[in-house]
Amino acid sequence: MPLLVMKFGGTSVADLDRIKNAASKVQREVERGYDVIVIVSAMSGRTNELVGWVEQTSPLFDAREYDAVVSSGENVTAGLMALTLQEMGVPARSWQGWQVPINTTAAHSAARFVDIPRANLDQKFSEGFKVAVVAGFQGLAPDGRITTLGRGGSDTTAVAFAAAFDAERCDIYTDVDGIYTTDPRITTKARKLEKIAFEEMLELASLGAKVLQTRSVELAMRYKVRLRVLSSFEDTDENSGTLVCDEDEIMESKVVNGVAYSREEAKITLVTVADRPGISAAIFQPLADAGVNVDMIVQNISEKDYDDHPGSVTDMTFSVPINQVERAKKAIEQAKASGEIDYDELIVDTDVAKVSVVGIGMRSHTGVAATMFEALAAENINIKVIATSEIKISVLIDRKYMELAVQALHDAFGLEAA
């Protein structure tokens, strides 16, 4: 039988009525002739509650016990979904990660997949079961302990199962009806996309779009798993939502397909760093060792040049997530104290935002940067840092102008038009 993977997020299974609604969508796919693997998240708010209990009980918690506790939310949902399907007359069975088994690394709370053997689920499908309901977000370490995959891990679980079982498609049900050109809460001109390429979706996810978890898109792109994002709360058919697929499936893409943003950014500048070979490594290796995620980097001639050593110093500016600022400052200050680096001043600006335009059409079209910068200039928005890749341009700006920038760029690239 053809196989389909369906994933339901926390808002889609927030209570028994919503679980029943999700189960009805599964039942419809079974009636269409599919065997179905359903991946479920914990009920909305439950994971945060479980994390809170762990932190209250043990501030310096054992990561293995943390995983044992927080993974339980998905187990509850899986059991309730299987029971609901059984009541509808659909042969279903729930599976926890260790029962499949979903084999992962031993990195508790941030585990990665090793493999997903098919034998146990294939056996149940051969016995007449039509649905396997699998608890997302969790797996099994080599030592037999439960692991979790990090926030958004249920999306990654769904894609991994679709790859392992050669699924026809992986449907991600959520509280939005697809992927938009930008956040509809910022501009009413935002348009739902029918299709988007893996690479575009990966950039949008990494740049702040919250619809899909970045690792899930990486996995889908690697194994060519066709993803469909659609709403749990609307009647849907095979053409609903947005299809995330290979570039070859898209006849012709716009130059820019989306505008992404992130409020949670900070800019750090080291003033008058010695301009010598190896200085970049001396700065960024301590940050990497401290687990700081550095994004945009700019090096330029320092405004505080030394009269007796002209051109021998530079300013180094980079962006980090705002919740990693203190960790970054500590790493840099320790590197200075140890003599690895030297600088006059460390300046932190936590009042910035990142705005990006993304599109595979940028590979073959010129003038995208000019259009972007002109649109921002017309709104008197100053650019602090610029970063580019083959299919994206990102800028760091004052946070108070973020929504205006998104609206201006959406208009400048005509994204409201299909």
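Residues numbered from 1 in each chain as written. Predicted model: local features only at pLDDT ≥ 70, side-chain atom pairs only at ≥ 80, totals over all residues. Heavy atoms only, no water.

If you check an unreviewed UniProt entry, the protein chain appears there as Aspartokinase from Paracoccus seriniphilus. Among the UniProt annotations of the protein chain, the heading Catalytic activity (unreviewed entry) holds the following wording: "L-aspartate + ATP = 4-phospho-L-aspartate + ADP". The annotation that UniProt attaches to the protein chain under Sequence similarities (unreviewed entry) is "Belongs to the aspartokinase family." (UniProt positions renumbered as here; feature names shortened; annotations may be inferred.)

(A) Here's a closer look at the overall build of the protein chain. Counting its regular elements, the protein chain contains 12 helices and 18 strands. Here the protein chain has a C-alpha radius of gyration of 24 Å; the compact-globule value for 418 residues is 22 Å, and the two agree. The dimensions of the protein chain, computed from C-alpha atoms along their principal axes, are 85 × 50 × 35 Å. Taking all 418 residues of the protein chain together, the buried fraction comes to 51%. Here the contacts in the protein chain between residues at least 6 apart in sequence split such that 75% fall between residues at least 24 apart. Of the roughly 19,000 Å² of accessible surface on the protein chain, 48% is carried by carbon and sulfur atoms. The centroid of the 42 positive side-chain charges in the protein chain is displaced by 4 Å from the centroid of its 62 negative side-chain charges. (Helix = DSSP H or I, 4+ residues; strand = E, 2+ residues; numbered from the N terminus. Rg over C-alpha atoms; globule rule 2.2 N^0.38 Å. Buried < 20%, exposed > 50% of the residue type's maximum accessible area, 1.4 Å probe, protein only. Contact = heavy atoms within 4.5 Å. Areas by Shrake-Rupley, 256 points an atom, 1.4 Å probe, with all protein chains shown as cover. Lys, Arg positive; Asp, Glu negative; His and termini not counted. Charge placed at Lys NZ, Arg CZ, Asp CG, Glu CD.)

(B) Focus on the side chain of Asp-67. Positionally, Asp-67 belongs in helix H3 (residues 63–70). No salt bridge is formed by the buried Asp-67. Its closest oppositely charged neighbour is Arg-145, at 8.3 Å. In this structure Asp-67 touches His-108, Ser-109, Ile-146, Thr-147 and Thr-148, once residues within four positions along its chain are discounted. (Salt bridge = Lys/Arg side-chain N within 4 Å of Asp/Glu carboxyl O.)

(C) Representation of the pairing of strand E17 (residues 385–389) within the structure. As judged from the 5 bridges shared by E17 and strand E18 (residues 392–398), these two strands associate in the antiparallel manner. Considered in E18, the bridge of Val-385 is made with Leu-396. (Pairing = 2+ DSSP bridges.)

(D) Examining the UniProt feature "binding site: ATP" (unreviewed entry) in the protein chain more closely. Summarizing the sequence annotation, UniProt attributes the feature "binding site: ATP" (unreviewed entry) to Lys-7, Phe-8, Gly-9, Gly-10, Thr-174, Asp-175, Tyr-180, Arg-185, Lys-210 and Val-211 in the numbering used throughout. Spanning 205 residues, the named residues do not form one spatial group; their C-alpha atoms are separated by as much as 24.6 Å. Mapped onto the elements, Thr-174 comes out in strand E9 (residues 169–174). Since its relative accessible area comes to 16%, Thr-174 is described here as buried. When sequence neighbours within four positions are dropped, the list of residues in contact with Thr-174 reads Ser-12, Val-229, Leu-230, Ser-231, Ser-232 and Phe-233. At 3.1 Å, the side chain of Thr-174 forms a polar contact with the side chain of Asp-175. Given a relative accessible area of 24%, Tyr-180 falls into the partly exposed group. Contacts of Tyr-180, omitting those with residues within four sequence positions, involve Ala-190, Arg-191, Lys-192 and Leu-193. There is a polar contact of 2.8 Å between the side chain of Tyr-180 and the side chain of Asp-177. (Polar contact = N/O pair within 3.5 Å; in protein donor to acceptor, adjacent residues only side chain to side chain.)

(E) Layout of the packing of H3 against helix H4 (residues 72–87). H4 packs onto H3 with a crossing angle of 25° between their chain directions and a minimal axis gap of 4 Å. By the criterion of interaxial angle, the relationship of H3 to H4 is roughly parallel. Taking contact as the criterion, the partners of Ala-68, Val-69 and Val-70 in H3 are, on H4, Ser-72, Gly-73 and Glu-74. Considering only residue class, the contact of H3 with H4 consists of 3 nonpolar, 2 polar and 1 charged. (Axes fitted to C-alpha atoms, helices over the stretch in contact; angles between N-to-C directions. Parallel < 35°, antiparallel > 145°, perpendicular 65-115°, else oblique. Nonpolar A, V, L, I, M, F, W, Y, C, P; charged D, E, K, R; others polar.)

(F) Main features of the sheet that holds E9. Taken together, the 8 strands give an open sheet; going across it, the order is E3-E6-E2-E1-E9-E11-E12-E10, and neighbouring strands pair in mixed fashion. At either end of the open sheet lies a strand with only one pairing partner, and these are strand E3 (92–95) and strand E10 (195–197). When the angles between neighbouring strand axes are averaged without regard to direction, this sheet yields 20°. As defined by bridge partners, E9 adjoins strand E11 (residues 227–231) across 5 bridges and the pair is classed as parallel. Across the sheet, residue Ile-172 finds its bridge partner in E11, namely Val-229. Running over the sheet, helix H7 (residues 198–206) touches E10 and strand E12 (242–245) and is turned about 80° from E10.

(G) Highlighting the packing of aromatic side chains. Scanning all chains against the criterion turns up 4 aromatic pairs. Here the aromatic rings of Phe-284 and Phe-318 are separated by 5.3 Å at their centres, their planes lie at 75°, and the arrangement is edge-to-face. Pair noted here: Phe-284 is in helix H9 (residues 279–289) and Phe-318 is in strand E15 (residues 313–321), with a separation of 34 residues, a long-range link. Phe-318 carries the same exposure label as Phe-284, and that label is buried. (Phe/Tyr/Trp six-rings, centres within 6.5 Å; stacked < 30°, edge-to-face > 60°.)

(H) A look at the pattern of salt bridges. For the coordinates displayed, the defined rule picks out 26 salt bridges. Measuring nitrogen to oxygen at the nearest pair gives 3.1 Å for the salt bridge that ties Arg-32 to Glu-29. Since its relative accessible area comes to 37%, Arg-32 is described here as partly exposed. Note that Arg-226 is salt-bridged to Glu-249, the shortest N-O span being 3.1 Å. A residue pair is termed long-range when its members are at least 10 positions apart, and Arg-226 in the loop between helix H8 (214–223) and E11 and Glu-249 in the loop between E12 and strand E13 (258–274) qualify at 23 residues. Of the residues examined, Arg-226 reaches a relative accessible area of 28% and is grouped as partly exposed. Looking at Glu-249, the relative accessible area reads 27%, which means it is partly exposed.

(I) Local environment of the domain arrangement of the protein chain. Along its sequence, the protein chain is carved into domain 1 (3–248) and domain 2 (259–413). Here the C-alpha centre of domain 2 lies 34 Å away from the C-alpha centre of domain 1. Domain 1 puts 17 residues into the contact, and the matching count from domain 2 is 20 residues. Summed over the shared surface of domain 1 and domain 2, the number is 3 salt bridges. Between Asp-411 and Lys-189 there is a salt bridge, with its nearest N and O atoms 3.3 Å apart. Counting across the domain 1 and domain 2 interface gives 10 residue pairs in polar contact (both at pLDDT 80 or more). The biggest single contributor to the side of domain 1 that touches domain 2 is H7, with 4 residues. Each residue belonging to the side of domain 1 that touches domain 2 can be placed in one class, and the counts come to 5 nonpolar, 4 polar and 8 charged. (Domains from an automatic or database assignment.)

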